[in-house]
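The primary structure of each chain is shown beneath.
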Amino acid sequence: MSTPLFSRTRSIRWYDMAPDHPVSGTLNVSRDQWDVHSCLLMSIAMTERRIRGFPEERRHAFARLARTEVPASTTRLMGTAVVLGAGFAGLLAARVLAAYAERVVLLEQDDPHAGSRRGVGQYNQVHTLLPGGRGLIERWFPGFTQEAVELGAPMLHSSQIGAYFNGVRTVSAPTTDLLCASRPFLERHLRDRVAQLSAIRIVTGRAEGLEFTDGAVAGVRYRAEGRSHFLASDLVIDAMGRASRLSDWLDDAGWPRPPLRRVTTGINYATGYFRATSIPDDLLAAIAHFGPDHSDGSTTSAAVNMIEDRQWMVVLAGLGQHRPGRDLDDFVARCRNDLPPIFRTAVGGEPVGDILRYHQADSRSRDFTAIASPARVLSVGDAVASVNPVYAQGISSAALHAACLADYLADRPDLTEPFDRFFRRQRLVVDAVWQVATATDSARAGHRRPMAERIRTWILNQTFAAAATNAQVAESLNLVTSLFAHPDTLRRPALLARTLRTNHRGRGSGRIEIPDAQAL
């Protein structure tokens, strides 16, 4: 049982002196309203700027990376650049490099015309192109969205998208418009646009290692058509995904391996495709999340999208031994009985193929800022960080990594020097995605976490709860989850005060489940 902090009502002055939003006000609290932990957390957030400086730099640096303006001009910095891997991260990195290199070779082990990819186990699972990522793709490929729509991908307005937290429908945010399509569709469309660039050549082959000279990478060894080849390069981009072998190659050459950070997810998810018998007038997509206190792990998240070819794509996710959708009957029963009505509508049509399953043991990230690395090589996309896929941030995160590369090359760096400045910029993106995607997973897994991380998780859960009923909180949260804004924006005192007030008013209403501060 918590101890009351106040014996009577007190007032706390709060200030948010961000240059774009200078405000101040008063929050009245009493022993009947807030427990000691809530007041302490509020005080921590309010005094963060005074004690150690509000994280303005991270917020503004992230916003700069997410901008969609095209640079007025670029400068050729290199002869040949090689990109290892032609997934989203590799394709976008190749597009950025085409403005700075005379030649870009995109090396991919999988046949681009195959129906699956050996190196991407989740290839046919649900993927979502968030608004932040779509804006960046439009920056490099103008007209990409309109072309996708003309090819059959639905473009959904925020009013057609439902979001649920612990079974409660949250209010809509105007920035949630989504281009909904399968990963094969989006990747094929992006690859076709990349292939139109004269500076880029796509080669089918498997990278086998790097050659190092004078503290830098000099080229790539690869195997294609049954023969070994060597390709000299001025820059190598590792976009080989979760199974990247760059750490092994660095180790073999006497360089340190980047530290690997892991958070257990134990996520099992299954995706089913169903033909749409009719097109509803209201919702055409939805996502449902359940907090650790609300779910027994059997279904922690679910999503449904209307995609190309008048199909529904539905995903169910569970933890540990819980494997939802172990067969078609179980999959359909869960959608009909445990989830919002749109899921019942989606599984009412004819199944298209089998239920596809995937298991991810952990979220992981490699910290290249912590090591001395050779020049002329860097990593992007899942090769650096891959998180719980139910948060749908993978494609848009890859786009932000490409934005880091574009931002770095625009400064005309010396390519003979290690890419420390690039890795620091990329780390900003990695940490932003990591905060959102691993907060609940860390709590569920019982990891020992520092107090600062526990506070961030508590605030994030408070924000999710308040977003169910407060449009301004929902909009701020959506900017973060759509990768337009850094998670630090959720800790601005003005917004946090609104979040806590909203949750206090919702306590006892039965509409929302408020995270317990005692969990800290």
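Here's what I pulled together on the structure shown here. (Residues numbered from 1 in each chain as written. Predicted model: local features only at pLDDT ≥ 70, side-chain atom pairs only at ≥ 80, totals over all residues. Heavy atoms only, no water.)

1. Comments concerning the overall build of the chain
What counts is decided by this rule: Each helix is a run of DSSP H or I of at least 4 residues and each strand a run of E of at least 2, with the numbering of both proceeding from the N terminus. In what follows, residue pairs with any heavy atoms lying within 4.5 Å of each other are defined as contacts. Here the Shrake-Rupley method, with its probe set to 1.4 Å, supplies the accessible areas, and only the displayed protein chains count as covering residues.
Helix and strand counts for the chain come out as 14 helices and 20 strands. Across the chain, contacts joining residues at least 24 apart in sequence account for 72% of those joining residues at least 6 apart. Counting every atom, the chain has about 22100 Å² of accessible surface; 48% of that belongs to carbon and sulfur.

2. Some points on the packing of aromatic side chains
Rule in force here: By convention, a stacked pair of Phe, Tyr or Trp rings (six-membered ring in the case of Trp) has centres within 6.5 Å and planes under 30 degrees apart, an edge-to-face pair has planes over 60 apart, and any other such pair is tilted. Note on classification: 1.4 Å probe, protein chains only; a residue is buried when its accessible area is under 20% of the maximum for its type, exposed when over 50%, partly exposed between these limits. Lysine and arginine charges are scored as sitting over a ring when NZ or CZ, respectively, is within 6 Å of the ring centre and within 35 degrees of the ring normal.
Considering all chains together, one arrives at six aromatic pairs under this definition. Ring geometry for tyrosine 408 against phenylalanine 419: centres 5.4 Å apart, planes inclined by 55 degrees, an arrangement best described as tilted. Of the two residues, tyrosine 408 is situated in helix 10 (residues 394-409) and phenylalanine 419 in the loop between helix 10 and helix 11 (420-445); the sequence distance between them amounts to eleven residues. Both residues of the pair, tyrosine 408 and phenylalanine 419, count as buried. Pairwise contacts between aromatic rings join Phe368, Tyr408, Phe419, Phe422 and Phe423 into one cluster. Arginine 95 extends its terminal NZ or CZ atom over the ring of phenylalanine 141, reaching a point 5.9 Å from the ring centre.

3. With respect to the packing of helix 12 (residues 451-466) against helix 14 (residues 493-506)
Heads up, the rule is: The angle between two axes is taken between their N-to-C directions and runs from 0 to 180 degrees, where each axis is a line fitted to C-alpha atoms and a helix contributes only its stretch in contact. Working definition: roughly parallel below 35 degrees, roughly antiparallel above 145 degrees, roughly perpendicular at 65 to 115 degrees, and oblique for all remaining angles. Handedness of each helix crossing follows the sense of rotation of the near helix against the far helix: counterclockwise by less than a right angle gives left-handed, clockwise gives right-handed. Note on residue categories: nonpolar means Ala, Val, Leu, Ile, Met, Phe, Trp, Tyr, Cys or Pro, charged means Asp, Glu, Lys or Arg, and polar means any other residue, Gly included.
The N-to-C vectors of helix 12 and helix 14 enclose an angle of 60 degrees; their axes lie 9 Å apart at closest approach. Judged by the inter-axis angle, helix 12 sits oblique to helix 14. In this structure, helix 12 crosses over helix 14, and the sense of that crossing is left-handed. Contacts from Trp458, Ile459, Gln462, Thr463, Ala465 and Ala466 in helix 12 reach Leu496, Thr499, Leu500, Thr502 and Asn503 in helix 14. Across the contact of helix 12 with helix 14, the residue classes tally to six nonpolar, five polar and no charged.

4. Describing the side chain of serine 158
With respect to the helices and strands, serine 158 occurs in the loop between strand 5 (155-156) and strand 6 (161-165). The class for serine 158 is buried, based on a relative accessible area of 6%. Those residues in contact with serine 158 that lie beyond four places of it in its chain are Ser172, Ala173, Pro174, Thr176 and Asp177.

5. A few points about the packing of helix 3 (residues 88-97) against helix 6 (residues 183-195)
The geometry of helix 3 relative to helix 6 is characterised by a closest axis approach of 10 Å and an angle of 20 degrees between their N-to-C directions. One finds that helix 3 runs roughly parallel with respect to helix 6. Our pair here, helix 3 against helix 6, has a crossing hand that is left-handed. Taken together, the residues of helix 6 that come into contact with helix 3 (itself represented by Phe88, Leu91 and Leu92) are Arg183, Leu186, Glu187, Leu190, Arg191 and Val194.

6. Regarding the environment of arginine 59
Considering the arrangement of structural elements, one finds arginine 59 in helix 2 (residues 56-65). Among the residues examined, arginine 59 registers a relative accessible area of 7% and is labelled buried. Along the sequence, arginine 59 and aspartate 488 sit 429 residues apart, while their C-alpha atoms lie 6.6 Å from each other.

7. Some remarks on the pattern of salt bridges
To keep things clear, this is the line we draw: By definition, a salt bridge exists where a carboxyl oxygen of Asp or Glu is found within 4 Å of a side-chain nitrogen of Lys or Arg.
The tally for this structure, following the rule as stated, stands at 22 salt bridges. Where aspartate 248 meets arginine 257, a salt bridge forms, and the shortest distance between an N and an O atom there is 2.9 Å. Between aspartate 431 and arginine 261 there is a salt bridge, with its nearest N and O atoms 3.4 Å apart. Remark: arginine 261 occurs in strand 14 (residues 260-275) and aspartate 431 occurs in helix 11; sequence separation between them is 170 residues. Aspartate 431 sits in the partly exposed class, given a relative accessible area of 26%. One network of salt bridges, with partners in common, ties together Arg64, Arg67, Asp407, Asp411, Arg421 and Arg425.

8. Some thoughts on the environment of glycine 143
Checked against the element boundaries, glycine 143 lands in the loop between helix 4 (131-140) and helix 5 (144-150). On the accessibility criterion, glycine 143 (28% relative accessible area) is partly exposed. Contact partners of glycine 143, with chain neighbours within four places excluded, come to Glu138 and Arg193.

9. A look at the sheet that holds strand 17 (residues 311-319)
Applicable threshold: The pairing criterion for strands is at least two bridges between them, as found by DSSP.
Within the open sheet, the eight strands sit side by side as 7-6-15-16-17-14-18-20. Their pairing is mixed. A single partner strand is all that each edge strand has here, and the edge strands are strand 7 (168-169) and strand 20 (385-386). Relative to strand 16 (residues 301-307), strand 15 (residues 285-289) runs antiparallel, the two being bridged by five bridges. Residue pairing in the sheet places isoleucine 287 in a bridge with alanine 303 of strand 16. Of the strands in this sheet, strand 14 and strand 17 are in contact with helix 8 (residues 328-337), which crosses strand 14 at around 95 degrees.

10. Notes on unusual backbone geometry
In this structure, arginine 310 is a non-glycine residue whose phi angle is positive, near 50 degrees. Here arginine 310 is to be found in the loop between strand 16 and strand 17.

11. Some remarks on helix 8
Along helix 8, the residues classified as buried are Asp330, Phe331, Val332, Arg334 and Cys335. Where the residues of helix 8 are buried, they touch strand 14, strand 17 and helix 9 (341-346).

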